[in-house]
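# Examining the three-dimensional arrangement
Okay, here's what each chain looks like letter by letter:
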Amino acid sequence: MKLRLKVGLVGVYQIYIRPLVGEFPSNIQEIPGFFELLEKQFIINNVNNDIKARILQSCLTCKARSLITRLSPTQLKNYDNVKTALLAEYRVSPAYLKQ
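My aim in this report is to walk through the structure given alongside it, one point at a time. Keep in mind it's a predicted model, so treat the numbers as computed, not measured.

So, about unusual backbone geometry. One non-glycine residue, asparagine 46, adopts positive backbone phi at about 50°. In this structure, asparagine 46 sits in the loop between helix H2 (31–44) and helix H3 (49–59). For asparagine 46, a relative accessible area of 61% corresponds to the exposed category. At arginine 91, a residue that is not glycine, the phi angle is positive and equals roughly 55°. The class for arginine 91 is exposed, based on a relative accessible area of 75%.

Laid out in structure tokens, this is it:
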């Protein structure tokens, strides 16, 4: 029952959040803004940490999804791991994110 509830919440969040943040950008300069907006939506909608990674993954392009295939299933469940992997693949530094 608990798993069914989480799947339901992920679907609801995807319906409401994904249209607001859009698809993961192909332009590297837009990646910081994407994460800033996504994380604000997580706060506004009180999204639990255990489903943030799945919501992020639902926003990824095919190219971005292919870049995270090297992550283990455990890493794919963690938002920070997925975000860090994407930033590394696109060579976006943490300093660039703060600009």
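On to the environment of tyrosine 79, then. Tracing the backbone shows tyrosine 79 in helix H6 (residues 79–89). Separated by 27 residues in sequence, tyrosine 79 and lysine 52 have C-alpha atoms that sit 5.6 Å apart. Those residues within four positions of tyrosine 79 in sequence are excluded, and the remaining contacts are Phe35, Leu38, Glu39, Phe42, Lys52, Ala53 and Leu56.

Applying the stated rule across the entire model yields 3 salt bridges. One salt bridge in this structure joins glutamate 39 and lysine 83, with 2.7 Å as the shortest N-O distance. Of the two residues, glutamate 39 is situated in helix H2 and lysine 83 in helix H6; the sequence distance between them amounts to 44 residues. Using a relative accessible area of 26% as the deciding quantity, one classes glutamate 39 as partly exposed.

Turning our attention to the environment of leucine 60. Mapping leucine 60 onto the fold places it in the loop between H3 and helix H4 (62–67). Sequence separation of leucine 60 and glutamate 23 is 37 residues, and the distance between their C-alpha atoms is 6.0 Å. For leucine 60, the contacting residues outside a window of four places in its chain are Phe24, Arg65, Ile68 and Leu86.

Conventions and cut-offs
- Throughout this document, residue positions are counted from 1 along each chain, in the order its sequence is written.
- Residue-level local features of this predicted model are given only where pLDDT is at least 70; pairs of side-chain atoms are given and counted only at 80 or more, and the full residue set underlies all totals for whole chains, interfaces and linings.
- With hydrogens and water stripped out, all remaining heavy atoms of the structure feed into the side-chain values.
- Runs of E in the DSSP output that reach at least two residues are strands. Runs of H or I that reach at least four are helices, and both are numbered from the N terminus.
- Any residue under 20% of the maximum accessible area for its type is buried, any over 50% is exposed, and the rest in between are partly exposed; the area is computed with a 1.4 Å probe on protein chains only.
- Should any heavy atoms of two residues lie within 4.5 Å, those residues are considered in contact.
- Salt bridges are identified by distance alone: a Lys or Arg side-chain nitrogen within 4 Å of an Asp or Glu carboxyl oxygen.

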